Amino acid sequence: MNDRKMLSLTQIPVILIGLMFSFNAFALDFRSVASTKAILYDAPSVEASKLYILGQGYPVEVIVNLGEWIKVRDALGGLSWIEGKQLSNKRMVLVIAKTDIKSTEDASSGLVATVEKDVVLELLPSETKAGWVKVKHRDGATGYVPNSVLWGSN
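Just so you know, these numbers come straight off a predicted model, no measurement behind them. For every chain, the first residue of its written sequence is number 1, and the numbers climb from 1 along that sequence. Restriction of local features to residues with pLDDT of at least 70 applies here, the model being predicted, together with a cutoff of 80 or more for giving and counting side-chain atom pairs; totals for whole chains, interfaces and linings are based on all residues. Hydrogens and waters are ignored; side-chain quantities use all the structure's heavy atoms.

## Notes on the environment of K71
Relative to the helices and strands, K71 resides in strand β5 (residues 69–73). On the accessibility criterion, K71 (25% relative accessible area) is partly exposed. C-alpha separation for the pair K71 and E61, spaced ten residues apart in sequence, amounts to 8.5 Å. In this view, K71 contacts E61, V62, I63, V64, L79, S80 and W81; residues no more than four positions away in its chain are not counted. Elements are defined by DSSP. Helices are runs of H or I of four residues or more, strands are runs of E of two residues or more, and each kind is numbered from the N terminus. Exposure categories follow from relative accessible area, calculated using a 1.4 Å probe and restricted to protein chains: below 20% of the type maximum is buried, above 50% is exposed, and the middle band is partly exposed. It only takes one pair of heavy atoms within 4.5 Å for two residues to be counted as in contact.

Here it is as structure tokens:
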């Protein structure tokens with residue numbers, strides 16, 4: 001007698017769907033602050049203690065989404081709650097080390113601009129070389145920077 005169990009044809013789609021969702025669970029979800037100033041709290045309520053304020057465009061990583069309230073992680077690793085209406089799906093990144101924006105995905109290419117640490121840049125959709133991303137500064141300068149000098153681009 002064979003003790004091995006066979007999967008039924010009805011179990012296979014369920015397993016495949018489960019695997020699909022488990023892989024998506026590892027994808028990071030980043031948003032940015034939509035309003036001029038957003039208050040972050042220590043709990044999902046305006047009655048909770050206010051922790052700090054983030055400015056428009058600042059990127060945050062979504063940890064828990066309750067709809068009206070979202071638990072987020074900031075670039076320093078701090079966890080807090082923000083009202084969902086204060087966030088945008090617009091992808092922004094934070095410069096974590098002074099860097100040059102280049103005209104192409106190559107360190108030896110032409111200089112577009114130099115940006116200081118803690119500058120917020122817009123992450124532009126683009127097919128780029130591994131290790132590079134296309135960004136836009138609020139003043140319009142557009143080009144490429146190494147992914148390693150950014151927070152929020154993963």
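So that's the structure; there's more coming.
## Thoughts on the side chain of E105
Locating E105 in the fold gives a position in the loop between β9 (99–102) and β10 (111–115). Residues counted as positive are Lys and Arg, residues counted as negative are Asp and Glu, and His and the chain ends are not counted. Salt-bridge detection follows one rule: a side-chain nitrogen of Lys or Arg within 4 Å of a carboxyl oxygen of Asp or Glu. This buried residue, E105, is left without a salt bridge; K129 holds the nearest opposite charge, at 6.2 Å.

## Examining the pattern of salt bridges
Scanning the model with the defined rule gives five salt bridges in all. In this structure, R31 engages D29 in a salt bridge whose closest nitrogen and oxygen atoms are separated by 3.5 Å. Look at D29 and you get partly exposed, because its relative accessible area is 31%.

## Overview of the environment of F30
In this fold, F30 is placed in strand β1 (residues 30–33). According to the relative accessible area criterion, F30 is buried, its value standing at 6%. With 124 residues separating them in the primary sequence, F30 and N154 have C-alpha atoms 8.4 Å apart.

## Comments concerning the packing of aromatic side chains
In summary, the pairing rule links any two rings of Phe, Tyr or Trp, Trp by its six-membered ring, whose centres are within 6.5 Å, and it sorts them by plane angle into stacked for under 30 degrees, edge-to-face for over 60 and tilted for everything else. Applying the stated criterion across every chain, the model contains two aromatic pairs. For the pair F30 and W151, a centre-to-centre distance of 5.3 Å together with 90° between the ring planes defines the contact as edge-to-face. Taken together, the positions of F30 in strand β1 and W151 in strand β14 (residues 150–151) put the pair 121 residues apart, joining distant regions of the chain. Note on accessibility: F30 and W151 belong to one class, buried.

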